[in-house]
Structure formats: structure tokens, C-alpha cells
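Chain and residue survey
Listed below, chain by chain, are the residues.
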Amino acid sequence: MNFINHNIRLLAFVALGSGIFLACAQTKSVTASKSSTEASKAGKIVPTNLKWSERMLLSEMQRFPESWMLDFSKSPKWTYPSAIVLDAAEQLYAKTGKKEYYNYISEFGEKLIKEDGTILTYDLEKYNIDMLNSGNVLLYLYEKEKKEKYLKALQTLRSQIDGQPRTKEGSFWHKKIYPYQVWLDGLYMGMPFYTHYTKDFVKGAEATKAYDDIVFQFDSVQKNLLDKKTGLLYHAWDESKEQAWANKETGLSPNFWGRAMGWYGMAMVDVLDYLPEDHPGRTRLISYIKSYTDAIIKVQDKDSGLWYQVLDKAGEKGNYTEATASAMFVYTIIKSVNNGYLPKSYKTYAKKGYDGIIKNLITVDENGVVNLNKCCAVAGLGGKPYRDGSYEYYINEEVRSNDAKGTGPFILASLEFEK
């Protein structure tokens, strides 16, 4: 009898469990059906009737729902690529007034800056110039929200500049762990922040001293990293000439890496946003932009309008047209034309590059989400494992889609074309 009762109870439990499972399945089915109906009513996730700037920003927000995720981060950390997309978001918010764009920027500050002004994961003692770039987001947020925590964080970042190690003539080392090394990347990472901070917070003789220092950083790079034959600039220079990647006579790295040149161009045009109109260094910076642009035009691919991972070796095996450098060059040229730093005739080269990106490197998913493909994920020099700066090194670094170092400049370039 007990055996029969036990079986009856077991069968009842199984039947009940099946019912619960069925009910859950039906609920999920109804929910899925409801959400897909809502999606079809609303149309695509990213509407295709918007301009490319908004389409790409909305796509980034779809891929990375929180702005600290923009660098493919798994947890919140203070890093530089997010700031490039958020710089573009600032401009789109100003243009459209859409609150979701502002919220996306604001969430970055809320998440990364503690109430006492401490910056999450940031270590001042590392003197890594890359870490200054996201300070641009805080300059914007402090201007808008006047939160004390942002001011404290900004003052901490500014203090890094005072302690940043320098070469004998005064160029900033890229990082404390890379002694005597000046990288083109560092001009973008540090100088727009340094200039913007000075404009917002420093006055009189101290401001003049800072502006002179900023312009000197470009003067020094032009002197030490420029190849006079091509007009291109090498990725890096080792003052000590001790690194295995450094030429024993010149201290220069062996190749012209596309994105390093891209960083340098963006640094110049962005610094000019904040450098006073009457500063004598403006004329020199504008002359550098002209010679720089003439050099990159010579290595622009005639068919696609794009630029290569290693700029001057288009036909060599393994080289490829790379998205981040191409977007950065287009942004630098079109912004320079719009601001009067370059003659209007140069717009042709920017447009050819921009059209080339859209034709060859952009894909659009069925739901409207826009992708930027063929982005070099990262490249550097030295470190562990050791990066030797060879041609083989650059062409074999990871390639991925939707890297913020490409999507950010693409949005910025799009905004310049949409003016």
C-alpha cells in the first residue's frame, strides 16, 4: 500500500512540475512574442534614416549599454578609449538635445569617480600619460554639473602632469615604465586635456607657461620623430637609444604605424580648440598640420581612399587597410578644413577617405546596428612579451570590430561632414 501511495505522490509531483514548466515556457513564449512585436512596431534598433554620427553612437550604446564598457571592459576601469566616443557624444548631445546621450556620458563619471574624488583603478604613481585622456570627460561633466568630486579628480590628473618624467629637453615620457621614450600616442593622450584644463582653470603667467609647454611638446616631436624624406613621423623615439626596437644612431622605432600618426593628427586639431588665438604657437601647429596632411595624402590608397596599418608599405604581404587610422586621418583633415587650418581643396581627400570607410569597412546588421570592421586592437613597443616595432609585429596584432579607437573618430569625422 505504501509503495502504491508513494508512486501516486511521485506521479502527481511530476505532473505538477510539468505544468509549472509548461506555464513557464508559455510565459516566456508570450514575453518573447510580445517583445518581438514591440521591436517590429518600433522598427530597427538603430533607425537607418539618421545620419551616420547618430547611427554609430546608438550602435555603440547598444553594444556597450554602460559607457565604461566601451573599451570591451568587463568591469569599470579608468582607461582612455571610452573618452573618444564620449567626446563625440558630447557633440551629438549639443546638436540634438537628446537626453540619453548626456546620460551615457554622465554615467561614466558617476561610475568611475567616487564621492571623495578618487578615480577608480587609477594609479598616479605609474605616470602613464594614457590616463589623462578621460579627464576630458570630467572637464565636460564639471562644467555641466559642478560636482566637487569631479573637480578633485581633475586636480589629481593635473598633478600627474607636474610629476610626469621628461626627456632632457622636456618631452613627456610615455610612461614611467618606459623611460626616455616619447610616443606619438602620448600627444593625443595628454595635450588636449592639458590645454583644456589650462583654459578652464589657469590664468595669467601660469597659463602662458602651460601653453608654451604644450606647444613645445609638438615642437620636440617634430624635431625628434619626423622623417624628413617622407614627412611621416615614426611611432616612437628612445632618447637613451637603449631599447631593442630603437635605431642605435637615431633612437627611432623602425616603422610608420598608421594609428600613431592618427593620434598625432587628432592631438593637433583638438589642442587648437583651446589654445588662445593670440598664442604664437598656433601658427607653428597649423604649419605642422599642413606638412602632416601632405605626407599622409601621399600614402592614401588611390582606389579605396583608406590608409594602411603600416603606412608606407601598402603592397607588402599581410598589410591591410586599417579602420582606426583611416577614421583618425579623415577627422583630422576635415576638421582642419572646416576650421580654416587647411585650404578647402583638401576636403576631397577627407571625403575620399570617409566614403572609403563607409563602402569598405562599415557593415549594418538587420536590426540597423552599425559595425566598423578591421580595427587594430592594440599596438605598442617594448613591454612583456616584447614588442619590437617590426613590420611583422604590426601586421600580426589582433584585428577586431567596433573598437572605440575607431568608432569614436568615425563619429567625430561624421559630425564634421554633417556641419
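Our structure is the block above this text.
Notes on the structure in this doc start here.

Over its 14 residues, helix H4 (residues 99-112) runs 20 Å from end to end, which matches the ideal 20 Å to within 8%, given 1.5 Å per residue. Packed against the buried residues of H4 are helix H2 (52-63), helix H3 (81-96), helix H5 (135-145) and helix H6 (148-163).

Once that is clear, we can look at the packing of aromatic side chains. A complete count under the given rule lists 23 aromatic pairs for this structure. Their ring planes at 75 degrees and their centres at 6.4 Å tell us that Trp52 and Phe410 sit as a pair that is edge-to-face. Remark: Phe410 occurs in helix H14 (residues 404-417) and Trp52 occurs in helix H2; sequence separation between them is 358 residues. Ring pairs connect the aromatic residues Phe218, Tyr264, Tyr292, Trp307 and Phe329, which therefore count as one cluster.

Another aspect to go through is a negative patch on the surface. Taken together, the side chains of Asp312, Glu316, Asp388 and Glu392 present a region of like negative charge at the surface. Along the polypeptide, Asp388 turns up in the loop between strand E5 (375-376) and helix H13 (391-396).

Our next topic: the packing of helix H7 (residues 184-201) against helix H8 (residues 204-225). Taken N-terminus to C-terminus, the directions of H7 and H8 make an angle of 165 degrees; their axes are 9 Å apart at the nearest point. Considered as vectors, H7 and H8 are oriented roughly antiparallel to each other. Here H7 and H8 pass one another in a crossing that is left-handed. Residues Leu184, Leu187, Met191, Tyr194, Thr195, Thr198 and Lys199 of H7 lie in contact with H8, whose contacting residues are Ala207, Ala210, Tyr211, Asp213, Ile214, Gln217, Phe218, Val221 and Leu225. For the contact of H7 with H8, the residue count by class is 11 nonpolar, 3 polar and 2 charged.

This part is about the nonpolar core. Grouped burial of nonpolar side chains is what soluble globular proteins tend to show. If you look at the biggest cluster of nonpolar residues, it comprises 132 residues, and the most contacted ones within it are Trp78, Met191, Phe218, Met261, Tyr264 and Ile357. Per-element tally for this core: the top contributor is helix H11 (residues 323-338), with 10 residues. Apart from the residues lying within four places of it in its own chain, the contact partners of Trp78 are Phe108, Leu112, Ile113, Ile119, Leu120, Thr121, Tyr122, Met131, Ser134, Gly135, Leu138 and Leu157.

On to the packing of helix H9 (residues 258-271) against helix H10 (residues 281-298). Their axes nearest at 10 Å, the elements H9 and H10 cross at an angle of 150 degrees. Taken together, H9 and H10 sit at an angle that is classed as roughly antiparallel. As H9 packs across H10, the resulting crossing turns out to be left-handed. Of the residues in H10, those touching H9 at Met261, Gly262, Tyr264, Gly265, Met268, Val269 and Val271 are Leu285, Tyr288, Ile289, Tyr292 and Ile296. Residue composition of the contact of H9 with H10, by class: 10 nonpolar, 2 polar and no charged.

Criteria and cut-off values
Residues numbered from 1 in each chain as written. Predicted model: local features only at pLDDT ≥ 70, side-chain atom pairs only at ≥ 80, totals over all residues. Heavy atoms only, no water. Helix = DSSP H or I, 4+ residues; strand = E, 2+ residues; numbered from the N terminus. Expected span 1.5 Å × (residues − 1). Contact = heavy atoms within 4.5 Å. Phe/Tyr/Trp six-rings, centres within 6.5 Å; stacked < 30°, edge-to-face > 60°. Patch = residues over 30% accessible without salt bridge, like charges linked within 9 Å, V, L, I, M, F, W, Y side chains within 5 Å. Areas by Shrake-Rupley, 256 points an atom, 1.4 Å probe, with all protein chains shown as cover. Salt bridge = Lys/Arg side-chain N within 4 Å of Asp/Glu carboxyl O. Lys, Arg positive; Asp, Glu negative; His and termini not counted. Charge placed at Lys NZ, Arg CZ, Asp CG, Glu CD. Axes fitted to C-alpha atoms, helices over the stretch in contact; angles between N-to-C directions. Parallel < 35°, antiparallel > 145°, perpendicular 65-115°, else oblique. Left-handed = near helix turned anticlockwise from the far one by under 90°. Nonpolar A, V, L, I, M, F, W, Y, C, P; charged D, E, K, R; others polar. Core = buried A, V, L, I, M, F, W, Y, C linked by side-chain atoms within 4.5 Å. Buried < 20%, exposed > 50% of the residue type's maximum accessible area, 1.4 Å probe, protein only.

Any functional reading would require information beyond the geometric quantities listed.
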